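Structural description and commentary
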Amino acid sequence: MHITDLSIRRPVTTLMVFVSLLVVGLIATRMVPLEFMPNITFPGAFVQLPYPNSTPAEVNENVARPIEEVLATISGVERINSNSGEDNAGVIVIFKQGNEIDLKAIEIKEKIESIRNQLPDDFEYYTINKFQDGDAPTLQLRISSNRDLSDAYELLNRNLKQRIERIPGVGQVTLYGVEKKEIRVELDPDRLTQYNINLNRLSSTLRQANFSISAGKITDSGLRYMVRPVGNLNGVEDIENLIVADNNIRVKDIATVRYTSPERNYARHLDRKYAIGLDITKESTANTVQVVDEVLAEIDKVNELPEMQGIEIYEMFNQADGILSSLRELFNSGMIGALLSVFVLYIFLRQMSTTLIVATAVPFSLIVTLGFFYFLDISLNILSMMGLMLAIGMLVDNAVVVTENIHRYQRKGNDARKSAIFGAKEVSIAVTAGTLTSIIVFLPNVVNESFISQHMYYIGMAIIIALLASLVISLTVIPLLASKIHPPEKSKKKTVIDKLSVKYSALLGWLLERRKISVLFIVLLFLSGGVPMAFMNVDMFPRVEERQLRLQYNLNASYTLDRVKESVDRIEEYLYENQDKFEIESVYTYYQPEYAQSTINLIDEDDAKKAVTQIKEEIQKDLPKIALGQPAFEFISRNSAEQVRVFVQGESMDVLEELAEQVEWRLGQIEGFADVRSEAEAGSDEIRLTVNHDRARNFGLTSSAVASMVSGAMRGQTIQRIRGEDSEIDVVLAFQDVNRQTIDDLKNLPISINDDQSVKLATLADFEERPGAGRIFRENRRTSLGISINLDDITSDEARGKISQVMDQIIYPAGYGWSYGRSFGNDMDAMNTMLFNISIAFFLIYLIMASLFESLIYPTSVLSCIFYGMIGIFWFFFITGTTFDLMAFIGILILMGIVVNNGIVLIDHINHLRSEGLSRREAVIQGGRDRMRPILMTAATTVLGLVPLCFGTTQIGGNGPPYFPMARAIVGGLTFSTVVTLLVLPSIYVILDDIKIWSNRILHAAK
C-alpha cells in the first residue's frame, strides 16, 4: 500500500504520529548542546618542548632534531615542521588523512619516551596538543589592575581558577602571566669555593633528601606494622638546615633559600596595565552557552570579594557570543526568507489555507531535524546551523509540487480524496528522486577523508534530515490536509501567472518548431559562460579585513624585558593619545626579550566612521620610531593565522638569511605585495665556552662533566618537588643573581675537582663572544626560512605566479632552493577536494535519474541544468564582483542537488503525458505548461529564502567567513537554471529523444 493511501485512510493515526514526532523533537531541542565548532579532529599534533635558558642552536641540536628523527619513523607521516628558539622548541607533525589522531598521539609519546636517554638530563617535560576544532578555549579572559599582580598567583588561583574549575561543564582552566612560587636555593660562589663544595654532589644530595618509601612489615605483640622511613622536606627552614658536607655544613651556610616567584621572561599589557591571561575550555559534551553563562555569573561573584577589589576582568574572546550572534542573524535571515517564501506561495496559490498547509513543512522539518540531532549526538554549531539555514528555502519544494498536482486533479472534477491520492502518487517518484539528488551530493563526504569533508558532514546531515522530513510530510500530511479543503476557485479574470503560462506555451511551441534556432540558443547560452570566467577571481581562502590590527615590533635582537617594555610603553602611549582618532577600543600587548606584538581592537563596525585600511595608514603615518626594531602591520585573517608565505631552504641559517634578505627586497618591489618581511630573527649575543680537553683531563675531569656543572650553575635546575598546602612546590638550585652575572663572574665559577680542591672555570676553558643564532625553522627535516607576504587587492592565485617568476630568477648555492608555503598548498588541496566531491556527486545524480527514467539518454537532458546553473553562478559573481572561494564551492555542491529537481519534475511529467497517448510535441508543451507554476514557486521560495544572506554580512560564528558567496552561488545558479529548465530543457529533451529514436533505428537495421 502506498504511503499516501495509508495516511488518508488512517488520518488520526497519521496526525498522531506526526504530533509525537513534533513533541519528541521539541523535547530533544532543549537538550541539543550549543557549541561554536564541533569536535572535529585534524590528523596533526603540536609537540611543545620547553628547555629554559638555552640558545636556539642548542635547542635545535639537542632536543628538536632528535625528536624530529624519531617521529619521522611513525607510519602515515606527511609532514614534520619544527622551530627552535631561546628556551623552547615546537614540532608540528601532520599525518595523512584517515589517520586517527588519538592513536597517533599515543605513538608520538611512545617514540619520544624511547629516546629519552638521548635528550639532555635537565630536559624535564613536553606537551602534545592534538589539532581539534572543539579544543579551542571557550572563553579567554584578561586580568589587569593598578595593583601589582606579578606576585598574585595564590590569590588568583584560589579566588578565580579553582572556583571556575568546580563549575559543571568546565574541562580545563589555564592561568598564565603569573607564576606559581618556588623555593630557590641560590648558591654563593665564594662560599662554594671556601668550603670546596662539589656542585654535582650537592645537587645529588639535595635530590635524595626528600623521600618516603616502604621498608616492609614487622610483627609486634601479634600485630603487623608497616615500616615507612620518611625524610620529607616541608619548607624553607627544612632545606636551610639540611647538612650537605662534612663539618656540619648546611645549605644556609652556602646559599640563600627563598620562597619566591620565578623571574618571568614575558609580559602582557591590557590598556597599558600589566595583564594576566585565563583560558577556559569546556568539556566536549557541555553546552557552550550554558557553561559561559555560569562562568560569567561566577566571575560576578568573584568581583564582589574584598580581596579582588581593584582587579578588572576583561573578555578577550567569548565563543557563546559568536554562537548567539550567529543564531540571531540566521534566525532573522531565516524569518525574512520564510516570510518572503510564504508571500510568494500566496501569490501563486491565491488561497491562504493552501499556503499555510504548504508552509507547515518548514517548522515541522526543522523541529524533527533538531530532534534527530540529539539522537545522533550532533550539536547545534555554526556548521549545522549553516545546513539548517540552507535547507529553509528547499523545505517547501516537495509540498509545492504535491499540492499543485493535487489541485490539478481537483480542477478536473475529481473528488477531494481521489485527487489527493492520485495527485500525490503521480509525483511521488519524481519528488523522491528530486530529494535523493539533493541529499546524495553529500555522500562523497562520507567516503572522502579530507578535512573539508569532516566539516561538510555537519552541514550535510542538517540538510539530509530536514529534506527527508519534508519528503515524508509532503507524501502524508500534505495530501491528508489537501483532501480536506477545496481548491481555489478558477478566477474568470486571468492572473499574471495565467497570462505568463499562455505566453510560455506559445514560446515553447515556437522554439520546438525551429530546431536550428533552438540549437543556436542552447550553444550561445553555454558559451556565454566564458565571458565571466575570464574575469573570475578565484581564492579558496580570501582574506577579509576585521576590526582588529596586529602590530609586530620586529625586534632586531634579544633585549632585557625592561628595555622591550620601554618601547612597548612608547607605542601604546602614542596609540592612546589618538584613541578617538584611530577608533581604538582597547590595546593588548604581549612581549618577550626577542618578540613583541600589540593587538589593536577597533570599535564595532556599526559605530565606526573609518575603514580599517584608513586607520592603518593613519597609525603608520606618525608611528614613533624605536631603536629595538621596526614596527609593521599585519591583518588578522578570519580563516587562518597563516599568511601567504614562501620558503628558502638549505642547511646553513647564515646562507638562508642572506637569501631571505634578497627575496624580501625583490618581492617588496612587486605591486600588490604589502608588508613583505623575512622571518629571520637576530639571535642574542652569546659567550662561546670551549672546554680544553687536555687541561680538563689533567684535573681528572671530562668535558661533559665541566659542561654539566656550568649548565647547572647558569641555567638552574629543579632538584625537588615538595608537598605544599595546596600543591607541589618546585625547589630550584641556581647561583645568586645568575641573570646579572658578568663574564668575569663566569670565568671565576668554581669547578670542583675532588673533595678538597676546586679550580676556576677560566683555567679549563676558553671564552669567545659572538652573535648567536636566531630562531631556527625546519620544514620536513630541512632547515627553512620563511618570507611572509600580505596581499593588497590581489588573490593568492595571482600572487603565486608573481612569486614563481621572482624566485626562479634568484641564483641559489648548491643544496639550496625554495618552496611555496602551506597557504598555497591548502588552496590546491581544498580545490581538488571540492572538485572530486562535485565529480562524484555528478555521477551519483546521474545514477538516480537513470534509474528513475529507465533510460541513459533522458538523464543527460536534466544534467544540462547543472552546467547552465554553473554558468549562472559565473555571471552572478561577475555582476556582483564576488570572489570564487571555498564557500562558493559548497554552494555549487548544494546547487547541483537543487537544480535537477525541476528538471526531474518536468521530464517525468512529459514522459507520463506521452504514456497517456499525447504526441511528443503536445506532451512537451502541456508538460511545460503544467509544471511552470510549481517550478517557479519552488525556485522562488528557495531564492527568496537566501536573499537576506545573499546581500547581508552574516558571518560564520559571528566573526568567521561570510555566508554570502555560498548564498550567491545558489541564488545565481538556481535563477539561471530555472529559466534554462523552462526554455532550453524541452528542446534538449526533444533533441536527445531524436537521437534515441535514430540509434534504435540503426540498431534495429543492424539486426
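Residues numbered from 1 in each chain as written. Predicted model: local features only at pLDDT ≥ 70, side-chain atom pairs only at ≥ 80, totals over all residues. Heavy atoms only, no water.

What about the overall build of the chain?
Across its full length, the chain holds 36 helices and 30 strands. Per-residue burial over the chain gives 53% buried out of 1007 residues. Across the chain, every contact between residues at least 6 apart in sequence was considered, and the portion connecting residues at least 24 apart equals 80%. Just so you have it, the chain exposes about 46300 Å², and 53% of that area is on carbon and sulfur atoms. (Helix = DSSP H or I, 4+ residues; strand = E, 2+ residues; numbered from the N terminus. Buried < 20%, exposed > 50% of the residue type's maximum accessible area, 1.4 Å probe, protein only. Contact = heavy atoms within 4.5 Å. Areas by Shrake-Rupley, 256 points an atom, 1.4 Å probe, with all protein chains shown as cover.)

Describing a positive patch on the surface
A grouping of Arg 9, Arg 417, Lys 418 and Lys 484 is seen on the molecular surface, where their side chains present a positively charged patch. Mapped onto the fold, Lys 484 is located in the loop between α19 (477–482) and α20 (496–513). (Patch = residues over 30% accessible without salt bridge, like charges linked within 9 Å, V, L, I, M, F, W, Y side chains within 5 Å. Salt bridge = Lys/Arg side-chain N within 4 Å of Asp/Glu carboxyl O. Lys, Arg positive; Asp, Glu negative; His and termini not counted. Charge placed at Lys NZ, Arg CZ, Asp CG, Glu CD.)

So, the environment of Asn 81
Within the element layout of this structure, Asn 81 appears in strand β2 (residues 77–85). C-alpha of Asn 81 to C-alpha of Phe 46: the two residues are 35 residues apart in sequence and 9.5 Å apart in space. Asn 81 has contacts with Gly 90, Val 91, Ile 92, Arg 778, Glu 779 and Asn 780, leaving out every residue within four places of it along the chain.

As for a nonpolar patch on the surface
On the surface, Val 12, Leu 15, Met 16, Val 19, Val 23, Val 24, Ile 27, Met 31, Tyr 374 and Phe 375 cluster together into a nonpolar patch covering about 910 Å² of accessible area. Listed by contribution, the elements that provide at least two residues to the nonpolar patch are α2 (11–29) and α13 (361–375). No other element matches the seven residues that α2 contributes to the nonpolar patch. Following the sequence through the fold, Ile 27 ends up in helix α2.

Thoughts on the packing of helix α33 (residues 886–915) against helix α34 (residues 920–951)
At a closest axis distance of 8 Å, the pairing of α33 and α34 adopts a crossing angle of 155 degrees. Classified by the angle their axes make, α33 and α34 are roughly antiparallel. Note that α33 runs across α34; the crossing there is right-handed. Counting all contacts with α33, which are made through Ile 898, Asn 902, Val 905, Leu 906, His 909, Ile 910, Leu 913 and Arg 914, the residues of α34 involved are Arg 920, Ala 923, Val 924, Gln 926, Gly 927, Gly 928, Asp 930, Arg 931, Ile 935, Thr 938, Ala 939 and Thr 942. The residue inventory of the contact of α33 with α34, partitioned by class, reads nine nonpolar, seven polar and four charged. (Axes fitted to C-alpha atoms, helices over the stretch in contact; angles between N-to-C directions. Parallel < 35°, antiparallel > 145°, perpendicular 65-115°, else oblique. Left-handed = near helix turned anticlockwise from the far one by under 90°. Nonpolar A, V, L, I, M, F, W, Y, C, P; charged D, E, K, R; others polar.)

Overview of the nonpolar core
Formed by 195 residues in total, the largest nonpolar core has its most connected members in Leu 390 and Ile 619. When near neighbours in sequence (up to four residues on either side) are disregarded, Ile 619 contacts Leu 549, Tyr 574, Leu 575, Phe 582, Ile 600 and Phe 633. Among the nonpolar cores identified, the runner-up in size contains 37 residues, and Ile 197, Leu 206, Ile 751 and Ile 753 belong to it. (Core = buried A, V, L, I, M, F, W, Y, C linked by side-chain atoms within 4.5 Å.)

A word on the pattern of salt bridges
Any two side chains of opposite charge can pair if their charged atoms end up close together. Summed over the entire model, instances satisfying the criterion amount to 17 salt bridges. Of the charged contacts in the structure, one is a salt bridge between Glu 113 and Arg 116, with a shortest N-O distance of 3.4 Å. Judged by its relative accessible area of 35%, Glu 113 is partly exposed. Ionic pairing is found between Lys 273 and Glu 312, a salt bridge with its closest N-O pair at 3.5 Å. Placement of Lys 273 in strand β14 (residues 273–282) and of Glu 312 in strand β15 (residues 311–318) is noted, with a sequence separation of 39 residues between them.

With respect to the packing of α2 against α13
Relative orientation of the contacting elements α2 and α13 amounts to 55 degrees, with a least axis distance of 8 Å. The orientation of α2 relative to α13 falls into the category oblique. Considering how the two elements wind past one another, α2 and α13 form a crossing that is left-handed. Contacts from Phe 18, Leu 21, Leu 22, Val 24, Gly 25, Leu 26, Ala 28 and Thr 29 in α2 reach Phe 364, Ile 367, Val 368, Leu 370, Gly 371, Tyr 374 and Phe 375 in α13.

Focus: the packing of aromatic side chains
Tallied over the full model, the rule gives nine aromatic pairs. Here the aromatic rings of Tyr 374 and Phe 375 are separated by 5.3 Å at their centres, their planes lie at 75 degrees, and the arrangement is edge-to-face. A connected cluster of aromatic rings, assembled from ring pairs, spans Tyr 266, Tyr 590 and Tyr 595. (Phe/Tyr/Trp six-rings, centres within 6.5 Å; stacked < 30°, edge-to-face > 60°.)

Considering helix α35 (residues 964–983)
A rise of 1.5 Å per residue sets the reference length of α35, with its 20 residues, at 28 Å; its end C-alpha atoms lie 28 Å apart and thus fit the reference within 8%. Where burial is concerned, most of α35 is hidden: 16 out of the 20 residues are buried. (Expected span 1.5 Å × (residues − 1).)

Topic: the confidence of the model for the chain
Chain-level statistics for the chain give a pLDDT mean of 77 and a share of 85% at 70 or above. At the low end of the mean pLDDT range in the chain sits helix α17 (residues 444–447), at 62; at the high end sits helix α23 (residues 561–577), at 88. pLDDT under 50 marks residues 635–642. Its contacts with residues more than four places away, or in other chains, come to 28 contacts. (pLDDT = per-residue confidence, 0-100.)

Considering the side chain of Arg 268
Within the secondary structure, Arg 268 sits in strand β13 (residues 267–270). On the basis of relative accessibility, which here comes to 10%, the residue Arg 268 falls in the buried class. Among the polar contacts made by the side chain of Arg 268, one reaches the side chain of Tyr 588 at a distance of 2.9 Å. Apart from residues lying up to four places away in sequence, Arg 268 is in contact with Tyr 176, Gly 177, Lys 273, Tyr 274, Ala 275, Gly 277, Tyr 588, Thr 589 and Tyr 590. (Polar contact = N/O pair within 3.5 Å; in protein donor to acceptor, adjacent residues only side chain to side chain.)

A word on helix α21 (residues 515–527)
The end-to-end C-alpha distance of α21 is 18 Å, a good match for the 18 Å that 13 residues give at a rise of 1.5 Å each. Those residues of α21 lying buried are Ser 518, Ile 522 and Leu 525. Viewed along the axis of α21, the buried residues span an arc of 70 degrees, placing them on a single side of the element. Along α21, exposed side chains directed more than 90 degrees from the buried face belong to Lys 516, Leu 520 and Leu 527. (Arc of directions from axis to C-beta.)

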